[in-house]
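# Chain and residue survey
So the chains spell out like this:
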Amino acid sequence: MCAALVKIRQTGAIVPSQRFLITRMIAPVPETYKGRILELGAGNGALTLQLAARCPEAQILACEINPVLARKTRDNLDRAGINGRVKVISDSAEHLLSEMRRRDLEKLEYVLSGIPLGNLPGERTQALIDAISQALRPGGMYIQFQYSLIDRKRIRSRFRLLRTVPVLLNFPPAVVYHAQR
Ligand SMILES: C[S@@+](CC[C@H](N)C(=O)[O-])C[C@H]1O[C@@H](n2cnc3c(N)ncnc32)[C@H](O)[C@@H]1O
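In this report, the structure presented in the accompanying data block is examined. Model, not experiment: these values are computed from the prediction.

With that settled, consider the sheet that holds strand 4 (residues 108-113). Strand order across the open sheet formed by seven strands is 3-2-1-4-5-7-6, with mixed pairing between neighbours. Each having just a single partner strand, strand 3 (86-89) and strand 6 (161-167) make up the two edges of the open sheet. The mean angle between the axes of side-by-side strands here comes to 15 degrees, regardless of whether they run parallel or antiparallel. Bridge count for strand 4 against strand 5 (residues 136-146) is five bridges, and the pairing is parallel. In the sheet register, Leu-108 faces strand 5, and the bridge partner there is Leu-136. Of the strands in this sheet, strand 4, strand 5, strand 6 and strand 7 (174-180) are in contact with helix 3 (residues 19-26), which crosses strand 7 at around 5 degrees. Relative to the sheet, helix 4 (residues 46-54) contacts strand 1 (36-40), strand 2 (59-63), strand 3 and strand 4, its axis offset from that of strand 2 by approximately 175 degrees.

Here we take up the pairing of strand 3. Direction of pairing for strand 2 relative to strand 3: parallel, over a ladder of four bridges. Each residue of the ladder has a partner; that of Leu-61, found in strand 3, is Lys-87. In this fold, the crossover linking strand 2 to strand 3 by way of helix 5 (residues 67-79) has right-handed handedness.

Turning our eyes to something else, we now look at unusual backbone geometry. That bond from Phe-171 to Pro-172 is cis: its omega, -5 degrees, falls within 30 degrees of zero. Here Pro-172 shows up in the loop between strand 6 and strand 7. Unusually for a residue other than glycine, Asp-104 sits at a positive phi of about 55 degrees. Mapping Asp-104 onto the fold places it in the loop between helix 6 (93-102) and strand 4. Asp-104 sits in the exposed class, given a relative accessible area of 67%.

Lining the immediate environment of the ligand, one finds 23 residues, of which Ser-17, Gly-41, Glu-64, Ala-93 and Glu-94 sit closest. In the environment of the ligand, an oxygen atom lies 2.6 Å from a nitrogen or oxygen atom belonging to the side chain of Glu-64. Ala-93 is positioned with one of its backbone polar atoms (N or O) 2.8 Å from a nitrogen atom of the ligand. Considered on its own, the ligand offers 590 Å² of accessible surface; in the complex 97% of this is hidden by protein. For the shell around the ligand, the secondary-structure elements that each account for two or more residues are helix 2 (8-11) and helix 6. Classifying every residue of the shell around the ligand by side-chain character gives 10 nonpolar, eight polar and five charged.

Here the focus is the pairing of strand 2. Pairing of strand 1 with strand 2, which is carried by five bridges, proceeds in the parallel orientation. When the sheet's bridge partners are listed, Glu-39 is paired in strand 2 with Ala-62. In this view, the connection linking strand 1 to its parallel neighbour strand 2 by way of helix 4 has right-handed handedness.

Tracing the sequence through the fold places Thr-73 in helix 5. Judged by relative accessible area, Thr-73 falls into the buried class, the value being 0%. Those residues in contact with Thr-73 that lie beyond four places of it in its chain are Ala-42, Gly-43, Asn-44, Gly-45, Thr-48 and Val-88.

A few words on the environment of Tyr-110. Examined against the element boundaries, Tyr-110 turns out to sit in strand 4. Of the residues examined, Tyr-110 reaches a relative accessible area of 9% and is grouped as buried. Between the C-alpha atom of Tyr-110 and that of Pro-28, which follows or precedes it by 82 residues, the distance is 9.0 Å. The contacts of Tyr-110, once residues within four sequence positions are left out, are Pro-28, Val-29, Pro-30, Tyr-33, Arg-36, Ile-37, Leu-38, Leu-136, Met-141 and Ile-143.

Reading the values: rules and limits
- Residues numbered from 1 in each chain as written.
- Predicted model: local features only at pLDDT ≥ 70, side-chain atom pairs only at ≥ 80, totals over all residues.
- Heavy atoms only, no water.
- Pairing = 2+ DSSP bridges.
- Helix = DSSP H or I, 4+ residues; strand = E, 2+ residues; numbered from the N terminus.
- Axes fitted to C-alpha atoms, helices over the stretch in contact; angles between N-to-C directions.
- Contact = heavy atoms within 4.5 Å.
- Right-handed = clockwise from strand over helix to strand, strands pointing away.
- Buried < 20%, exposed > 50% of the residue type's maximum accessible area, 1.4 Å probe, protein only.
- Near = heavy atom within 4 Å.
- Polar contact = N/O pair within 3.5 Å; in protein donor to acceptor, adjacent residues only side chain to side chain.
- Areas by Shrake-Rupley, 256 points an atom, 1.4 Å probe, with all protein chains shown as cover.
- Nonpolar A, V, L, I, M, F, W, Y, C, P; charged D, E, K, R; others polar.

Set out below in C-alpha cells:
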C-alpha cells in the first residue's frame, strides 16, 4: 500500500488485483503450458502467484519497475514455496523488452500485463504496445487489464483479434483485453 501510494501514477492502483480479475487474466494460458510466460508490472505478485499455481510446468519471467514491490513479489513467492521457475526482475518493461529484442530471444506465446497504460503519455503507451506485439510470436496472446477503455483502440490497431472482458466484481471494476497477434 505504501509503495503504491508513493508512486501512485506508476502503480495505477492502491490495492492488488482480486481473484475475479486474476482469473480472467490467467484463463487463456493452458494449465499444461510448458513454455515461457512474461508478466509485466507484477506489483506484489498477486497475479504471479496464481499464474505459477495454475501452470506448474511453465517458466515465468516477471518484471516490476518498483524495487520495493519486486522484493515483495520475491518474498511472497518464497513464502508460497514457489522458486526456481519464477524469476522476478526489477526493471522497466520497456528496457526488458528492448533487451529481449537486442538479444534476439525466442518469441513468446503469452505476455500478461498490469501496467497502468492509461497513466502513460500516449506515445509511450503506443511504443510499449508495439514492443509487446513484437515480442510475441504469430498467434501469441497479449493479456492486459485496465480500469478504463482508453487504450482499447491502440491495442486493436496492433492485434489481429481482440476480446474485451469486463470484470465488474474487481475493485475498482476493470476490463481485461485478450489480444491475439
Ligand atoms: C496496477 S499494478 C498491478 C500489479 C499486479 N500485477 C496486480 O495485478 O495486482 C501495476 C504495476 O505495474 C508497475 N509498473 C508501472 N510501470 C511499469 C513499467 N514501465 N515497467 C514495469 N512495471 C511497471 C507498477 O509499479 C505496479 O506495480
